[in-house]
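Chain by chain, the residues:
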Amino acid sequence: AQKITQTQPGMFVQEKEAVTLDCTYDTSDQSYGLFWYKQPSSGEMIFLIYQGSYDEQNATEGRYSLNFQKARKSANLVISASQLGDSAMYFCAMRGINTGGFKTIFGAGTRLFVKA
Amino acid sequence: DTAVSQTPKYLVTQMGNDKSIKCEQNLGHDTMYWYKQDSKKFLKIMFSYNNKELIINETVPNRFSPKSPDKAHLNLHINSLELGDSAVYFCASSQAGLAGVGNTGELFFGEGSRLTVL
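A brief report on the enclosed structure follows. (Residues numbered from 1 in each chain as written. Chains lettered and ligands numbered in written order. Predicted model: local features only at pLDDT ≥ 70, side-chain atom pairs only at ≥ 80, totals over all residues. Heavy atoms only, no water.)

Next up on the list: the overall build of chain B. Helix and strand counts for chain B stand at zero helices and eleven strands. Along chain B, helices (α) and strands (β) appear in the sequence β-β-β-β-β-β-β-β-β-β-β when read from the amino end. Taking 118 residues into account, the globule formula puts the C-alpha radius of gyration at 13 Å, and chain B, at 14 Å, falls close to it. The principal-axis extent of the C-alpha atoms belonging to chain B is close to 45 × 25 × 25 Å. Residues classed as buried in chain B amount to 44% of the 118 residues present. Across chain B, every contact between residues at least 6 apart in sequence was considered, and the portion connecting residues at least 24 apart equals 55%. (Helix = DSSP H or I, 4+ residues; strand = E, 2+ residues; numbered from the N terminus. Rg over C-alpha atoms; globule rule 2.2 N^0.38 Å. Buried < 20%, exposed > 50% of the residue type's maximum accessible area, 1.4 Å probe, protein only. Contact = heavy atoms within 4.5 Å.)

Leu 21, Tyr 25, Trp 36, Ile 49, Leu 77, Tyr 90 and Leu 112 of chain A are the most contacted members of the largest nonpolar core, which has 26 residues in total. For this core, the secondary-structure elements that each account for two or more residues are strand S2 (10–14), strand S3 (19–21), strand S5 (32–39), strand S6 (46–52), strand S8 (64–69), strand S9 (74–79), strand S10 (88–96) and strand S12 (110–115) of chain A. Met 32, Val 60, Leu 81 and Ala 87 of chain B belong to the second-largest nonpolar core, a separate cluster that totals 20 residues. (Core = buried A, V, L, I, M, F, W, Y, C linked by side-chain atoms within 4.5 Å.)

This brings us to the state of the cysteines. All told, the structure shown has two disulfides over all chains when counted by the stated rule. Between the sulfur atoms of Cys 23 of chain A and its disulfide mate Cys 92 of chain A the distance is 2.0 Å. For the disulfide bridge between Cys 23 of chain A and Cys 92 of chain A, the dihedral angle about the S-S bond is near -65°, and by the sign convention the bridge is left-handed. Within this pair, whereas Cys 23 of chain A is found in the loop between S3 and strand S4 (24–26), its partner Cys 92 of chain A is found in strand S10, the two being separated by 69 residues in sequence. On the accessibility criterion, Cys 92 of chain A (0% relative accessible area) is buried. The residue that forms a disulfide with Cys 23 of chain B is Cys 91 of chain B, at a sulfur-sulfur distance of 1.8 Å. The sign of the S-S torsion, about -75°, decides the handedness of the disulfide formed by Cys 23 of chain B and Cys 91 of chain B: left-handed. Of the two residues, Cys 23 of chain B is situated in strand S3 (residues 19–25) and Cys 91 of chain B in strand S9 (residues 87–94); the sequence distance between them amounts to 68 residues. The exposure classification of Cys 23 of chain B matches that of Cys 91 of chain B, with both residues buried. (Disulfide = S-S within 2.5 Å.)

Following this line, the structure appears as structure tokens:
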């Protein structure tokens, strides 16, 4: 069975500093994709970044980077130069080959608070 | 032009009633989903449809009946509503199958429909 674990229910970071949100996963799939989504207080779900299991380089998208350590089954999100608008819930997610790519599961989320 | 739109955004109803939520996507995706987000923000997949065919049914009670008239639409009908059905229901879509070149397979979400059962 697939599982995503986010062990940090809440995190605080000072504006302009970097923060790492942890994510570990468990899967028997040979091929899978890892995602991070942001949910601001307004409620919409925003896709941030993707990492394929066979990608050798860590994914980056602007201030977001994904620290992918396959052997440790971790896919941490790093946000550099935090901004007040980064305050939100962050979800790690995964979908794998064994479900044909038709099932994306989510972790419990981490609520990030950015302090001015 | 909204990519994934769902209506209504808010539903307030009594226990035992029936309600429907509609979803439409204009992204040309083959796969659509329903997710339930509970009060603790946990997101759980309910159904996955590909080209109008049910692919994933995550042991959802049969009071929940999805219907996909075409691959751009996925509706959710809920019978005999219970207090525990109160949640935000998200519709989403993605390109079919596994991620590949030019297709990360990310989900595109609607704005959510907040259902409150009294």
